[in-house]
There are 4 protein chains.
Amino acid sequence: MALQDILKSVSSGALWRRNWQDMCRDLLRLKDEATVLKLAAHVLRLYRHFDEDERLEFFRFLLENFRVDADALKAAIAQYQLDPSPANVQHLNRASQPPRRQVFELFNMVPGGTPLLVDMRSDLLRLRREHPDISAVDEDLTALFRAWFNRGFLTLEQINWDTPAAVLEKLIEYEAVHEIQGWDDLQRRVSSGRRCYAFFHPALPGEPIIFVQAALTSGLAGSIDQLIRDESTRADAGESEASADTAIFYSISNCQHGLTGIAFGDLLIKQVVDLISSELPHIKAFATLSPIPGFGGWLTKAQAAGELSAAEATVVETVRNNPDQFPWQTDDGSTETVMSALCAHYLLHEKRGDAPLDPVARFHLRNGARLERLNWAADSSAKGKQQSAGMLVNYVYDQKSVTRNHESYVYEGNVISSNAFAQLARKRQ
Amino acid sequence: MALQDILKSVSSGALWRRNWQDMCRDLLRLKDEATVLKLAAHVLRLYRHFDEDERLEFFRFLLENFRVDADALKAAIAQYQLDPSPANVQHLNRASQPPRRQVFELFNMVPGGTPLLVDMRSDLLRLRREHPDISAVDEDLTALFRAWFNRGFLTLEQINWDTPAAVLEKLIEYEAVHEIQGWDDLQRRVSSGRRCYAFFHPALPGEPIIFVQAALTSGLAGSIDQLIRDESTRADAGESEASADTAIFYSISNCQHGLTGIAFGDLLIKQVVDLISSELPHIKAFATLSPIPGFGGWLTKAQAAGELSAAEATVVETVRNNPDQFPWQTDDGSTETVMSALCAHYLLHEKRGDAPLDPVARFHLRNGARLERLNWAADSSAKGKQQSAGMLVNYVYDQKSVTRNHESYVYEGNVISSNAFAQLARKRQ
Amino acid sequence: MALQDILKSVSSGALWRRNWQDMCRDLLRLKDEATVLKLAAHVLRLYRHFDEDERLEFFRFLLENFRVDADALKAAIAQYQLDPSPANVQHLNRASQPPRRQVFELFNMVPGGTPLLVDMRSDLLRLRREHPDISAVDEDLTALFRAWFNRGFLTLEQINWDTPAAVLEKLIEYEAVHEIQGWDDLQRRVSSGRRCYAFFHPALPGEPIIFVQAALTSGLAGSIDQLIRDESTRADAGESEASADTAIFYSISNCQHGLTGIAFGDLLIKQVVDLISSELPHIKAFATLSPIPGFGGWLTKAQAAGELSAAEATVVETVRNNPDQFPWQTDDGSTETVMSALCAHYLLHEKRGDAPLDPVARFHLRNGARLERLNWAADSSAKGKQQSAGMLVNYVYDQKSVTRNHESYVYEGNVISSNAFAQLARKRQ
Amino acid sequence: MALQDILKSVSSGALWRRNWQDMCRDLLRLKDEATVLKLAAHVLRLYRHFDEDERLEFFRFLLENFRVDADALKAAIAQYQLDPSPANVQHLNRASQPPRRQVFELFNMVPGGTPLLVDMRSDLLRLRREHPDISAVDEDLTALFRAWFNRGFLTLEQINWDTPAAVLEKLIEYEAVHEIQGWDDLQRRVSSGRRCYAFFHPALPGEPIIFVQAALTSGLAGSIDQLIRDESTRADAGESEASADTAIFYSISNCQHGLTGIAFGDLLIKQVVDLISSELPHIKAFATLSPIPGFGGWLTKAQAAGELSAAEATVVETVRNNPDQFPWQTDDGSTETVMSALCAHYLLHEKRGDAPLDPVARFHLRNGARLERLNWAADSSAKGKQQSAGMLVNYVYDQKSVTRNHESYVYEGNVISSNAFAQLARKRQ
């Protein structure tokens, strides 16, 4: 559109009676911020109603129409090569930044823009699996998200029964570890004897970004059934809270698929540890009660590859084929012995590169936690039996050693465990 | 420090007993986020007590120790030159981004980090005037600030007498146009018949970023003395508010020197116009009562350059040398006629490049406002007499034409004015 | 206890190691307010664990131990009879006020005292049915409640999905008209197209006192099934809200049994009408969709007393004995005709004293509403079929006539109805 | 007005076009609550503009037009005399309560009614001094205020620099002990090293009812000049706060003249002691720094009555006649010795009935505080020199003995003091 035409179309309102491609092009051409924001809002409204193909087309449009200026970039490179001064580095950096990023910045200025961009990135992540060419668009959004969701901007808030229902229902929706069975279950999880904390961002009001659930117990809890499925535990929750000495983190869930890759989990646990320590000084120990999600898959592969002994293979078969016989009790306790040894081995010695094969183990060990105890017959859910053979593991966050553990893990690849845990793996038969 | 030493020093607490340079170096070397944040907080505490020389040294340290990896950048350039794909552009963009930016991102994660970084940039802006080599450091911070202070994250809030005193005192401190004379004056400016609005950012709680003051009047107000200095106007403020039809913006002040160059002012005025329009539907007209801060300086230069007529020069001399005789009344009104014509000429025709020479005119005309009326004997303050010869000008924000005016100004360099205003300049003698 | 003993027991802490009767006696004897409040708190803690017999004993203890001073009252009577001056009336009024009231005032000063007193009155109301001697204790509490719950202290708040779950669950608990079927039903009732408002008192945080539910509709709604039980109505709730012109109040429920007799309902409806009128100016009409709870009972009595015609009696029998055949359709519509006529007759002409026999009719007609329309086959719930023969009635709150209607009803006993409604009753067969 | 006329006037709006007397009469005659509240609001609006004579007339109107029903009261007395049952006592109590109270209850339901009634009582208290006949009206309002302002409804809130200016300015207005010299002084009094707390009532938002000011010090502070007038104390306030071990209450002020006689002060101090104890566990001691407001007046009377020795009389003369020579230093310290002995005597031994003559002493000793230390040359203000000869006294609130002290004071009239204080009085010459 020629400038005269722009002026005319602004006056006449014709700006809004065009296709979204033309409107997008004007986003960086028009100068009046108020007009530009109205255009951006209009485009976002249209985007909401796009189907999958239109969204792909939208991302490809952004990719192709908001490229860097090749000549300017060429010149910046030449200038840098002539004189690699800090100023010329900056110049090169600016010249290599696609103007797409400005488009996303404009979208973010629209009221309600941030949540919509988080959803948009969720679309991007899904679409780029089959259309890797749009990855470059995701890089722009990711770079902005890293800045916008800097942890300094997040606030840690307790979730309890006084929290708005609109927030609480999101916990039911997002809980990824131990499904929440409706509002009664939810109430138990945020009431006396329990704690739930979430990170929030000021531009995503009412939208938890990640949340963690803890139970206050006397000593290390070994069974999730006991923690969250037992109705009887509720009545005396207040009393048991007062006498508790341990906080057990039994679930940590990300809520925003669109923020994948922008991790907050490690800091969340440590902030919650600090917060509980200061609010409830009688809580002295902090640990998790965690699934071993990769164990089932590894067992299958190990068996296929002939890495299990005959005795082990028999037990594994029994467990796998008879989920209804949970907890697979035998008089001599052999099932428990064999499966525990295999699981301890898996957690301590099976690797992906230098890091543990199990994703949950990677997360907590990297945080500086210690493999403390393996719990047999701890999770009777279908998922628990299938993935973790009904076992759960405690990772201990010991404030005195967590930093040392972390650095030792990161620099030297050490998996820290209690002596008892290390013993378990030696009992393989 | 070797890795073994790091592990030892983490365990022993020796990390904190070193100089700040060593601690800064470890910020990007250590992996445990909790430890890194403690280090960052420690460095920021030290920074607070740095003197001017140490701050300069600190910025130079950042400049020199967190450079881009030259080899990696070279490789990225080569790759891009081979194949200028979007992915390779992104790669180049990342390789050319100095790791300093990560350091600032870490600082921002420290509690209270954002306000301290805003202060730090204020230091940077001051120091780089004499030490332009540190400008590259400012570029990193500026890039982050542009992302963090995206207008989508700002909230517009009304300031009134129910606002915490801790916020109100900042208005006294930051008011840049018409000084606030203590708490009684402040109360008048936020009470009935007046409005005050500010932008806030969630990471700068209690710190206005920019604020605008308006008075509700019947018709276009021409005198600031009448608006804010006249005690008698207060008694019937409630009544006059009800009968007002015009909102006069008489002051707009930036509060954060550290956010210089990250402009919010134009959007603030437009949002306030929208807000007042919907809350007080009887307010139909919006205008400013603005100083002409560059007029006095231009007069001096024009006179020296012989650009004034003899008659003009005489009047200018009289006004300049006799501030106490304000408002310089003569029987024939000739002083007013001559000075008004000169001032209208200055606002309409004197340029810096394509834009008006006067900074306030540039701001409002760029926003799409219209030069409406020049007010003689409108500001009796010392500053007003010296800079603006005691005159104030009304810029009108007419919602119907503001976008057209803006685009016409930006694309064609047109200065929009009322007919009466345009006439004034033709009366030069 | 002698004074010396009191002093000793205060010092030694023995005050708290006695029975509640002794502690109650000291409430008005001790002078140190802090000590008295601790005693009062202690007594209230004990009360919480009292069983039914102990509570009765407690109320009788209050009745007998905190009587008026008979001599002082006698003297005050004598003085009044000598000189019936305003001062002597006041004196008599004070002398005839039992010191029990002071005990309740002390209880109210204890943190959490007000909600406990509300529960205590609920106990009182229950117990006095069989033990009318304690009614005098209830009078004291009632007098205080009338002062404390003066409507000037209540705040009207909207309940929606952003309301804390702890408040929302009380709606499920207290809804008395159309039972809320769990959280999904609850969410529908507070979301788009609906409104829910409640009165709160500052000393009962999170405890609604009374709440009213409304649906926004196009025209007068006739069926509760359509309003709250139809899933399909939800999808387009936002849209229908925008095009609605009528607010239908379909439920009003008291939440605090302990506040029985301290009525708030009439003002609640009128305040909500004002509030909706100003927030949603396109809502022009306000009406209820109300049950006729006394209709079923009256039918039974009328039939027994031979007040129904043979034709009527047959239809009534059919309806009563075949709830599963709701809505009792016949080809000639005769069931509807007969039952409607009976119901209109019941609402218009059956009285208790001068007022309508039906309690809901009494409430709305006294408020100034008008009987507008009877809706056949409007409520398929078991309760609806049994009490109201599945009918619901619309009372219209017409802001122009509500005061006139009210005064006409109160002073002249007129039942205001639409012409169509009045016609219905004339069709009795 | 006949009923027909009322109905007509309601319909026609004529209700509001009458004099306030007629409207008042209708308040208890009309039945429609919405109409009644509009009438009540109208009367209150008129009241605001009444002059002193009209207000007196208004109170007399209430007195005469809302009397008890003499016949009903007579019957209630007869019934009680026949059978003095609890029910008949209640009946008598109701019959002796003037309907004025209902009028005030209606006024309280009007939005903004409570603050206006507080102001109205302030008028009543002022007018009844010369017109004691209206005292009976005050009794009604007082009885309601005692119920409405039950301490259970008050909330204790800290006042600091984040408090709205509209609340802070009331501290300047109401501070009764040591005048606040503008906003800078105010800021010092609510900032680091100081604390300020106030009671608020939910129906008086933004209106403190009573507030207390404390300074955090190391050891017992003896000089108010040092506490609040010394600019130098501010810089290191944060530091000194951390090392403080004592909280000194140096001012307690009632804010609402209309709540005179409805005391909150004693509980306020004790609640603040509890609050500071739990928030700042390093604060171990709590004391006041209090004026001796009755000392000057007693000296004058004692001198006139010849109760002073010649030596004492000489010193008293010097002090009284030479306020500018504060602190009246002599080489032998004799002025201090003589005046201190007189003041200690005054506080310990001069009585009004059984209680100390000094009103501040009465307040703190009744609360259970102990006379601890007399401070010479502690208050250089004009008021301080005139009333207290520049002295201030510390009352200590020792949590262990405060209840025992209180009961000992109340039951046995004992004035508790430190040994050193008791010694002082023995040094009279």
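Residues numbered from 1 in each chain as written. Chains lettered and ligands numbered in written order. Predicted model: local features only at pLDDT ≥ 70, side-chain atom pairs only at ≥ 80, totals over all residues. Heavy atoms only, no water.

Novice: How would you sum up the overall build of chain A? Please name residues and give values.
Specialist: Scanning chain A from terminus to terminus reveals 21 helices and 9 strands. Expressed along its principal axes, the backbone C-alpha trace of chain A runs to roughly 90 × 50 × 45 Å. Within the span of chain A, comprising 429 residues, buried residues form 55% of the whole. Sequence-distant contacts in chain A: of pairs separated by 6 or more residues, those separated by 24 or more amount to 72%. (Helix = DSSP H or I, 4+ residues; strand = E, 2+ residues; numbered from the N terminus. Buried < 20%, exposed > 50% of the residue type's maximum accessible area, 1.4 Å probe, protein only. Contact = heavy atoms within 4.5 Å.)

Novice: Which residues make up the environment of Leu125 of chain B, and what are the values?
Specialist: All names here are of chain B. Within the element layout of this structure, Leu125 appears in helix α8 (residues 113-130). Residue class for Leu125 comes out buried when judged on its relative accessible area of 10%. Taking the C-alpha atoms as reference points, Leu125 and Gly258, separated by 133 residues in sequence, lie 7.7 Å from one another. Filtering out sequence-adjacent residues up to four positions away, Leu125 remains in contact with Asp138, His257 and Thr260.

Novice: Break down the packing of helix α6 (residues 86-95) of chain C against helix α9 (residues 135-148) of chain D for me, citing the residues and quoting the values.
Specialist: For the pair α6 of chain C and α9 of chain D, the least separation of the axes is 8 Å and the interaxial angle reads 30°. Judged by the angle between their axes, α6 of chain C and α9 of chain D are roughly parallel. Pair α6 of chain C / α9 of chain D crosses with left-handed handedness. Every residue of α9 of chain D that contacts α6 of chain C at Pro86, Ala87, Gln90 and Arg94 of chain C is listed here: Ala136, Glu139 and Asp140 of chain D. In terms of residue class, the contact of α6 of chain C with α9 of chain D is made up of 3 nonpolar, 1 polar and 3 charged. (Axes fitted to C-alpha atoms, helices over the stretch in contact; angles between N-to-C directions. Parallel < 35°, antiparallel > 145°, perpendicular 65-115°, else oblique. Left-handed = near helix turned anticlockwise from the far one by under 90°. Nonpolar A, V, L, I, M, F, W, Y, C, P; charged D, E, K, R; others polar.)

Novice: For the interface of chain A and chain B, give the residues involved together with the corresponding values.
Specialist: At the interface, 62 residues of chain A touch 62 residues of chain B. Taking both partners together, chain A and chain B bury about 5200 Å²; carbon and sulfur atoms supply 57% of that area. When the buried surface of chain A facing chain B is broken down by residue, Gln90, Phe153 and Tyr411 of chain A rank first, second and third, together holding 12% of it. One can count 4 salt bridges joining chain A with chain B. A salt bridge links Arg151 of chain A to Glu33 of chain B, with the nearest nitrogen and oxygen atoms 2.2 Å apart. Considering every element that reaches the side of chain A that touches chain B, the biggest residue donor is helix α20 (residues 402-412) of chain A, with 8 residues. (Buried area = accessible area lost by both parts, 1.4 Å probe. Salt bridge = Lys/Arg side-chain N within 4 Å of Asp/Glu carboxyl O.)

Novice: Could you give an account of the packing of helix α17 (residues 310-321) of chain B against helix α18 (residues 334-349) of chain B, naming the residues involved and the relevant values?
Specialist: Think of two packed helices as two axes; the pair is described by the angle between the axes and how far apart they sit. All names here are of chain B. Interhelical geometry of α17 versus α18 gives an angle of 100° and a closest axis separation of 10 Å. Here α17 is positioned roughly perpendicular relative to α18, judged by the angle of their axes. Residue-level inspection shows Glu312, Val315, Val316 and Val319 of α17 in contact with α18, the latter providing Thr335, Val338, Met339 and Leu342.

Novice: Outline the relation of the copies chain D and chain C, supporting the account with residue identities and numerical values.
Specialist: When chain D is fitted to chain C, the residual RMSD is 0.1 Å, and the transformation amounts to a turn of 180° plus an axial shift of 0.0 Å. The operation mapping one copy onto its partner corresponds to a two-fold rotation axis. Mapped onto chain C, 100% of the interface residues of chain D are again interface residues, and the two copies thus contact each other with one and the same surface. (Least-squares fit on C-alpha atoms with pLDDT ≥ 70 in both.)

Novice: Let's hear about the side chain of His345 of chain D: which residues, and what values?
Specialist: Residues and elements named next belong to chain D. The topology assignment puts His345 in helix α17 (residues 334-349). Residue His345 is classed as buried on the basis of its relative accessible area, which comes to 14%. With residues near it in sequence (within four places) discarded, His345 still touches Trp298, Glu350, Ala425 and Arg428.

Novice: How would you explain the relation of the copies chain A and chain B if you had to name every residue and give the values?
Specialist: When chain A is brought onto chain B, the operation consists of a screw motion whose angular component is 180° and whose axial shift is 0.0 Å, with 0.1 Å RMSD remaining. Both copies contact each other with a shared surface, as 100% of the interface residues of chain A are interface residues in chain B too.

Novice: Explain the arrangement of the chains to me, using residue names and the numbers behind them.
Specialist: Nothing in chain B touches chain C, and the closest approach of their C-alpha atoms is 13 Å. These two, chain A and chain D, are apart from each other, with no contact and a minimum C-alpha gap of 13 Å.

Novice: Got a sec to walk through the packing of aromatic side chains? Specific residues and values, please.
Specialist: For the coordinates displayed, the defined rule picks out 86 aromatic pairs over all chains. Chaining the aromatic ring pairs together yields one cluster made of Trp20, Tyr47, Phe50, Phe58, Phe59, Phe61, Phe66, Phe104 and Phe107 of chain A. A cation over an aromatic ring shows up here: Arg55 of chain B above the ring of Tyr47 of chain B, its NZ or CZ 4.5 Å from the ring centre. (Phe/Tyr/Trp six-rings, centres within 6.5 Å; stacked < 30°, edge-to-face > 60°. Lys NZ or Arg CZ within 6 Å of the ring centre and 35° of its normal.)

Novice: Which residues make up the pattern of salt bridges, and what values go with them?
Specialist: By the definition in use, this model includes 84 salt bridges over all chains. The closest approach of N and O atoms between Lys170 of chain B and Glu207 of chain B, which form a salt bridge, is 3.4 Å. With Lys170 of chain B in helix α10 (residues 165-174) and Glu207 of chain B in the loop between β2 (194-200) and β3 (210-217), the pair connects residues that are 37 residues apart, well separated along the chain. Its salt-bridge partner being Arg188 of chain C, residue Asp185 of chain C comes within 3.5 Å of it at the nearest N-O pair. Note that Asp185 of chain C and Arg188 of chain C are positioned in helix α11 (residues 182-190) at a spacing of 3 residues, about one turn of the helix. Residue Asp185 of chain C is classed as buried on the basis of its relative accessible area of 4%.

Novice: Quick one: what's the story with the interface of chain D and chain C, residue by residue and with numbers?
Specialist: A common way to state how big an interface is: give the accessible area lost once the parts meet. Counting from both sides, the interface comprises 62 residues of chain D and, opposite them, 62 residues of chain C. There are 4 salt bridges connecting chain D and chain C. Here Glu139 of chain D and Arg94 of chain C are joined by a salt bridge, their closest N and O atoms 2.4 Å apart. At the level of elements, α1 (3-12), α3 (33-48), α5 (70-82), α6 (86-95), α7 (100-109), α9, α14 (265-279) and α20 (402-412) of chain D are the ones that each hand at least two residues to the side of chain D that touches chain C. In terms of residues, the side of chain D that touches chain C owes the most to one element, α20 of chain D, which gives 8 residues. Across the side of chain D that touches chain C, the residue classes break down as 28 nonpolar, 16 polar and 18 charged.

Novice: Outline the sheet that holds strand β8 (residues 370-375) of chain B, supporting the account with residue identities and numerical values.
Specialist: All names here are of chain B. The 7 strands are arranged β1-β2-β3-β4-β5-β9-β8 in an open sheet whose pairing can be described as mixed. Taken across any chain shown, the strands that pair with only one partner, and hence form the sheet edges, are β1 (155-158) and β8. The average undirected angle you get between the axes of adjacent strands in this sheet is 30°. Inspection of the sheet shows strand β4 (residues 246-254) paired to strand β5 (residues 285-288) by 4 bridges, in the parallel sense. Each bridged residue has a counterpart across the sheet, and for Thr246 the counterpart in β5 is Ala285. (Pairing = 2+ DSSP bridges.)

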